[in-house]
Amino acid sequence: DSGVTQTPKHLITATGQRVTLRCSPRSGDLSVYWYQQSLDQGLQFLIQYYNGEERAKGNILERFSAQQFPDLHSELNLSSLELGDSALYFCASSVGGQGGEAFFGQGTRLTVV
Amino acid sequence: AQSVTQLDSQVPVFEEAPVELRCNYSSSVSVYLFWYVQYPNQGLQLLLKYLSGSTLVKGINGFEAEFNKSQTSFHLRKPSVHISDTAEYFCAVSVADSWGKLQFGAGTQVVVTP
């Protein structure tokens with residue numbers, strides 16, 4: 001158990017819909033990262049928050065957004081869903097931003113039908 | 001920009017045999033290097049990391065890796081594998097000033113058979 005909790009574990013939704021994925025980082029970790037894992041793109045970095053502020057952005061679509069709340073949990077919002085958004089979405093957390101170990105959650109498997 | 005290349009998409013290996021997974025990276029700045037393992041239907045677990053210092057890094061479950069700056073490589077090795085080592089292995093890099101975001105390779109599927 002990494003200490004990072006992601007909910008829900010599985011999500012099935014229709015095209016055009018909006019979903020919210022939730023992540024609770026390990027106790028004491030200030031950084032939260034979101035990654036997308038798909039068969040065609042592999043593991044891609046989406047976005048990072050540190051202590052409530054956005055710190056780094058990767059290949060995140062405009063239809064996707066995220067935020068980190070004062071209690072440090074984070075949410076990833078995916079809207080106007082397309083079939084190609086079907087993937088495993090991972091959250092990871094670390095104490096700080098530089099070179100430290102990132103602990104990954106079990107992921108949320110999103111299926112868009 | 002940096003990139004990570006895992007040279008083998010799949011590596012079949014017999015139980016108790018050694019295994020080496022190859023990883024090459026490119027970057028114009030200093031990097032930190034990592035190997036993660038993903039078991040079926042699980043998240044990623046850190047095997048080992050290189051931040052600085054000794055180029056031979058030992059990790060969990062008997063794995064080790066060697067950082068070679070001149071060849072820009074970070075190959076992962078285990079002298080004797082078990083059936084339970086069947087999993088997907090990812091090499092990743094983090095640039096020193098990138099706030100810890102990881103760039104992953106495509107992964108290497110290790111299949112251990114008796």
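Starting afresh in each chain, residues are numbered from 1 along the sequence in its written order. Each chain gets a letter, beginning with A, and each ligand a number, beginning with 1, in the order they are written. Only residues with pLDDT of 70 or above have their local features reported here, since the model is predicted, and side-chain atom pairs are shown and tallied only from 80 upward, although totals for entire chains, interfaces and linings are computed over all residues. As a rule here, side-chain values come from all non-hydrogen atoms in the structure, and water together with hydrogens is ignored.

Here the aromatic set is Phe, Tyr and Trp, taking the six-membered ring for Trp, and pairing holds for ring centres within 6.5 Å; pairs whose planes are under 30 degrees apart are stacked, those over 60 apart are edge-to-face, and all others are tilted. This structure, assessed with the given rule, holds 13 aromatic pairs over all chains. Look at F90 of chain A and F104 of chain A: their rings are 6.2 Å apart centre to centre, the planes differ by 80°, and that puts the pair in the edge-to-face class. Here F90 of chain A is found in strand β9 (residues 87-94), whereas its partner F104 of chain A is found in strand β10 (residues 103-104), with 14 residues between them in sequence. Of the two residues examined, F90 of chain A and F104 of chain A, each falls in the buried class. Look at Y50 of chain B and F67 of chain B: their rings are 4.4 Å apart centre to centre, the planes differ by 25°, and that puts the pair in the stacked class. On the criterion of sequence distance, the pair formed by Y50 of chain B in strand β6 (residues 44-50) and F67 of chain B in strand β8 (residues 64-68) is long-range, its members being 17 residues apart. The two residues Y50 of chain B and F67 of chain B agree in class, both being buried. Three or more aromatic residues link up through ring pairs in this structure, and these residues are Y35, F45, F90 and F104 of chain A together with F34, Y36, F90 and F104 of chain B. Sitting over a ring, as applied to charges here, requires NZ of Lys or CZ of Arg to be within 6 Å of the ring centre and within 35 degrees of the ring normal. When the ring centre of F103 of chain A is taken as origin, the NZ or CZ atom of R26 of chain A, which lies over that ring, is 3.7 Å away. To qualify as a helix, a DSSP run of H or I must reach at least 4 residues; to qualify as a strand, a run of E must reach at least 2; elements of each kind are numbered from the N terminus. For each residue, the accessible area found with a 1.4 Å probe, counting protein chains only, is set against the maximum for its type, and the residue is called buried under 20%, exposed over 50%, and partly exposed in between.

Right, let's get into the state of the cysteines. Criterion for a disulfide: a pair of cysteine sulfur atoms within 2.5 Å. Inspection of the entire model under this criterion finds two disulfides over all chains. The residue that forms a disulfide with C23 of chain A is C91 of chain A, at a sulfur-sulfur distance of 1.8 Å. On the S-S bond that ties C23 of chain A to C91 of chain A, the torsion sits near -55°, and the link is left-handed. Of this pair, C23 of chain A sits in strand β3 (residues 19-24) while C91 of chain A sits in strand β9, and the two are 68 residues apart along the sequence. For the residue pair C23 of chain A and C91 of chain A, the accessibility class agrees, reading buried in each case. Paired by a disulfide, C23 of chain B and C91 of chain B hold their sulfur atoms 2.0 Å apart.

To continue, consider the interface of chain A and chain B. Two residues form a contact once any of their heavy atoms are found within 4.5 Å. At the junction of the two partners, chain A supplies 21 residues and chain B supplies 20 residues. Here the buried area means the combined drop in accessible surface, using a 1.4 Å probe, for two parts upon being joined, counting both sides. At the boundary of chain A with chain B, total buried surface from both sides reaches about 1,700 Å², with 56% on carbon and sulfur atoms. One side-chain nitrogen of Lys or Arg within 4 Å of one carboxyl oxygen of Asp or Glu is enough to make a salt bridge. Linking chain A with chain B are zero salt bridges. When contributions to the side of chain A that touches chain B are tallied by element, the ones reaching two or more residues are β4 (31-38), β5 (42-50), β6 (53-57) and β9 of chain A. The element best represented in the side of chain A that touches chain B is β5 of chain A, accounting for four residues. Across the side of chain A that touches chain B, the residue classes break down as 10 nonpolar, eight polar and three charged. The residue classification treats Ala, Val, Leu, Ile, Met, Phe, Trp, Tyr, Cys and Pro as nonpolar and Asp, Glu, Lys and Arg as charged. All others, Gly included, are polar.

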